Amino acid sequence: MNNYTKQDVMRMAEEEDVGFIRLQFTDIFGTLKNIAVTANQLEKALDNRVMFDGSSIEGFTRAEDSDMYLYPDTNTFEIFPWRPQQGKVARLICDVYQADGRVFESDPRYVLKKVVSEAEAMGYEFNVGPECEFFLFHTDEDGLPTTISHESATYFDLGPMDLGENARRDIVLTLEEMGFVIESSHHEVAPAQHEIDFKYDEALATADNIMTFKMVVKTIAKRHGLHATFMPKPKYGVHGSGMHTNMSLSRDGVNIFADAGDERGLSREAYYFIGGLMKHMKAITFITNPLVNSYKRLVPGYEAPVYIAWSARNRTPLIRVPASRGADTRIELRSPDPSSNPYLALAACLAAGLDGIKNEIMPQPSVDCNIFEMTDARRKDAGIEALPGSLLEAAEEFKKDAYIREVMGEDLAGKYIRAKEKEYMEYQAQVTDWEIGRYLHRI
């Protein structure tokens, strides 16, 4: 984590010949937005005096209260390596404030900050490591995205089978120029699918990094004539893209999920954190899997989780405890996908885990066999429930969970529910190619 002051940012911008600064923020749906200013407006921006129309951002505010301000986080100052070297382009990630100087409580970054502060008050630091998957597809003659790829590579293949190898390498090198620590990158299971993993960090920095990561992937892919998509399930019949989320809590730099005296090497807090996640998982799914398309990924047969269970031995349940212990002990939540708003997703997961710790919620027994090979009756006897099967089901579960709704705040929760229910109804009204192919010729 950087520790830049206003003066540091002003100095670096001058020394590096920065001519343009993008003031970035994220809307409630996880879309990156920005206002650009020139270098001679940088001091004004750092004094929190850049205003924008909040009513133009869906879910933010009404036209009557539209004046909002961007408060840059100086620690997020970064120069874009792919932009010109004279008159360079930099960015600052911003918090959103209202005209009267109060924080905008529906700003997703604030929502995460609020829960992180609660964890800090309990003596915890929340560390998160995401595993971000994406597809690289061709574009058409007009430069528009397609779902076409000429490759047939699968897990861990390399060139020449992996036709995205060069683009992925350039993405990794660009991320490293921007301060990311890249732990690994590889071709994923589906043709044209890739994964790049960067080092864990505290929650706010990780959420910022996910937003930056997605921007870099799309930018560098376009320079290779490709379209990068984080859509969870862009093609039928192949694996979808997830964002497995590895989580741990530390106190005074010590991982508190580890306990060498336990048979699984897990502390009571780790068990309680799992218990909290499982208790609130149906509502959390509305946030971690926020699209109609998200639920095309969460089906049997494609390695994505379907059932609410946990294990320290196999990968089929929702929650996995990887083999590493000691300082590397962590909980892996396998359901989130990269279309989610990372600020809201991490806030919901942390809040659920803290609820588990505060109320000492022990999870049900671990499921150490292939959960997909269990019969329905056996799963029922074990008390294993399924994740919501659609965006509408997830919305209903979210409505029922007052604790998770309160994490977002009633204003943001209400806007989010209305938007997602509208999205689902629009989807339901569509006539798809599948329906035409199935029914048109025989009815």
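So, a few notes on the structure that sits alongside this text. For every chain, the first residue of the written sequence is number 1, and numbering continues from 1 along that sequence. Per-residue local features of the predicted model are confined to residues with pLDDT of at least 70, and side-chain atom pairs are confined, for both listing and counting, to 80 or more; whole-chain, interface and lining totals are unaffected and use all residues. Think of the side-chain values as coming from all heavy atoms in the structure, minus any hydrogens and water.

### Description of the overall build of the chain
Okay, step 1: The helix and strand inventory of the chain stands at 13 helices and 18 strands.
Okay, step 2: Taken over C-alpha atoms, the radius of gyration is set against a globule rule of 2.2 Å times the number of residues to the power 0.38. Relative to the compact-globule value of 22 Å for 443 residues, the chain shows a C-alpha radius of gyration of 22 Å, a close match.
Okay, step 3: For the chain, the C-alpha atoms occupy an extent of roughly 70 × 60 × 45 Å along the three principal directions.
Okay, step 4: For the chain, the proportion of its 443 residues judged to be buried stands at 53%.
Okay, step 5: By the convention used here, residues are in contact when the closest approach between their heavy atoms is within 4.5 Å. By sequence separation, contacts in the chain at least 24 residues apart represent 70% of the contacts at least 6 residues apart.
Okay, step 6: Seen as two clouds, the 49 positive and the 69 negative side-chain charges of the chain have centres 3 Å apart. Helix numbers and strand numbers start at the N terminus; a helix is a DSSP run of H or I with at least 4 residues, a strand a run of E with at least 2. Only protein chains enter the accessibility calculation, which uses a 1.4 Å probe; a residue is then buried when its area is under 20% of its type maximum, exposed when over 50%, and partly exposed in between. When charges are counted, Lys and Arg are positive and Asp and Glu negative, with His and the chain ends excluded. For the purpose of locating charges, the reference atoms are NZ of Lys, CZ of Arg, CG of Asp and CD of Glu.

### Re the environment of E183
Okay, step 1: Mapped onto the secondary structure, E183 falls in strand β8 (residues 182-187).
Okay, step 2: The exposed category is assigned to E183, whose relative accessible area is 53%.
Okay, step 3: For the pair E183 and P317, spaced 134 residues apart in sequence, the C-alpha to C-alpha distance is 25 Å.

### Notes on unusual backbone geometry
Okay, step 1: The linkage connecting G159 with the following residue, P160, adopts the cis geometry, with an omega of 5°.
Okay, step 2: Residue position: P160 is located in the loop between β7 (125-138) and α4 (165-177).
Okay, step 3: Within the chain, N48 stands out as a residue other than glycine whose phi angle is a positive 65°.
Okay, step 4: Its location among the elements puts N48 in the loop between α2 (42-46) and β3 (50-53).
Okay, step 5: N48 gets classed as partly exposed once you look at its relative accessible area, which sits at 25%.
Okay, step 6: Positive phi, close to 70°, is recorded for E303, a residue that is not glycine.
Okay, step 7: Looking at where E303 falls in the secondary structure, it is placed in the loop between α7 (294-297) and β14 (307-308).
Okay, step 8: For E303, a relative accessible area of 43% puts it in the partly exposed group.

### Considering the pairing of strand β6 (residues 88-98)
Okay, step 1: The buried fraction of β6 amounts to nine of the eleven residues, a majority that puts the element mostly inside the structure.
Okay, step 2: Pairing geometry for strand β1 (residues 18-26) and β6, over six bridges, is parallel. By the bridge assignment for β6, L23 is matched with L92.
Okay, step 3: Relative to β6, strand β4 (residues 67-72) is paired through five bridges, and the arrangement is antiparallel. In the sheet register, Y69 faces β6, and the bridge partner there is Y97.
Okay, step 4: As defined by bridge partners, strand β5 (residues 78-79) adjoins β6 across two bridges and the pair is classed as antiparallel. The residue bridging I79 from the neighbouring strand is A90, located in β6. Pairs of strands are assigned from DSSP output, requiring at least two bridges between the strands.

### Things to note about helix α1 (residues 6-15)
Okay, step 1: Of all the residues in α1, the buried ones are V9, M12 and A13. Projected down its long axis, α1 carries its buried residues within an arc of 100°, all on one side. In α1, the exposed positions angled more than 90 degrees off the buried face are occupied by Q7, E14 and E15.
Okay, step 2: Close packing links the buried residues of α1 with β1 and α2.
Okay, step 3: Just downstream of α1 lies D17, where phi reads positive at about 55°. The directions considered for the arc are those from the helix axis to the C-beta atoms.

### Remarks on the packing of helix α6 (residues 268-288) against helix α8 (residues 342-358)
Geometry of a packed helix pair, given as the angle between the helix axes and the separation of the axes.
Okay, step 1: Helix axes are fitted to C-alpha atoms over the stretch in contact, other axes to C-alpha atoms as well, and angles between N-to-C directions run from 0 to 180 degrees. Running from amino to carboxyl end, α6 crosses α8 at an angle of 140°, the nearest separation of the two axes being 6 Å. Compared by their axis directions, α6 and α8 come out oblique. Judged by the twist between their axes, the crossing of α6 over α8 is right-handed. In this structure, α6 uses E269, Y272, F273, G276, L277, K279, H280, I284, I287 and T288 to contact α8, whose residues at the interface are L344, A345, A348, C349, L350, A352, G353, L354, D355, G356 and I357.
Okay, step 2: In this count, Pro and Cys sit with the nonpolar residues alongside Ala, Val, Leu, Ile, Met, Phe, Trp and Tyr, while Asp, Glu, Lys and Arg are called charged and the others, Gly among them, polar. Counted by class, the contact of α6 with α8 contains 13 nonpolar, five polar and three charged residues. Working rule for angles: under 35 degrees goes down as roughly parallel, over 145 as roughly antiparallel, 65 to 115 as roughly perpendicular, anything else as oblique. Should the near helix be turned counterclockwise from the far one by less than a right angle, the crossing is left-handed, whereas a clockwise turn marks it as right-handed.

### Notes on the side chain of R109
Okay, step 1: Tracing the backbone shows R109 in helix α3 (residues 108-121).
Okay, step 2: On the basis of relative accessibility, which here comes to 2%, the residue R109 falls in the buried class.
Okay, step 3: By the criterion applied in these results, polar contacts are pairs of N or O atoms within 3.5 Å in which, for protein atoms, one can donate a hydrogen and the other can accept it, and in which residues neighboring in sequence qualify only through two side-chain atoms. Within polar-contact distance, the side chain of R109 engages the side chain of D73 at 2.8 Å.
Okay, step 4: Setting aside its immediate chain neighbours within four residues, R109 contacts D73, T76, I93, C94, D95, L204, D208 and Y343.

### Considering the packing of aromatic side chains
Okay, step 1: Whether two aromatic rings pair depends on their centres lying within 6.5 Å, for rings of Phe, Tyr and Trp, where Trp uses its six-membered ring; planes under 30 degrees apart make the pair stacked, over 60 edge-to-face, and the rest tilted. The final tally for this structure, using the stated rule, is 21 aromatic pairs.
Okay, step 2: With a centroid separation of 5.0 Å and 55° between ring planes, the pair formed by F60 and F104 is classed as tilted. One end of the pair, F60, is in the loop between β3 and β4; the other, F104, is in the loop between β6 and α3, with 44 residues separating them in the sequence.
Okay, step 3: Residue F60 is classed as buried on the basis of its relative accessible area, which comes to 1%.
Okay, step 4: Centroid distance W434 to Y439: 5.8 Å. Interplanar angle 85°. Geometry classified as edge-to-face.
Okay, step 5: In this structure an aromatic cluster arises from ring pairing among F134, F180, F198, F213 and F230.
Okay, step 6: Both a distance and an angle decide whether a charge sits over a ring: NZ of Lys or CZ of Arg must be within 6 Å of the ring centre and within 35 degrees of the ring normal. For K214, the ring lying beneath its charged end belongs to F230, and the centroid distance is 5.6 Å.
Okay, step 7: When the ring centre of Y416 is taken as origin, the NZ or CZ atom of K420, which lies over that ring, is 5.9 Å away.

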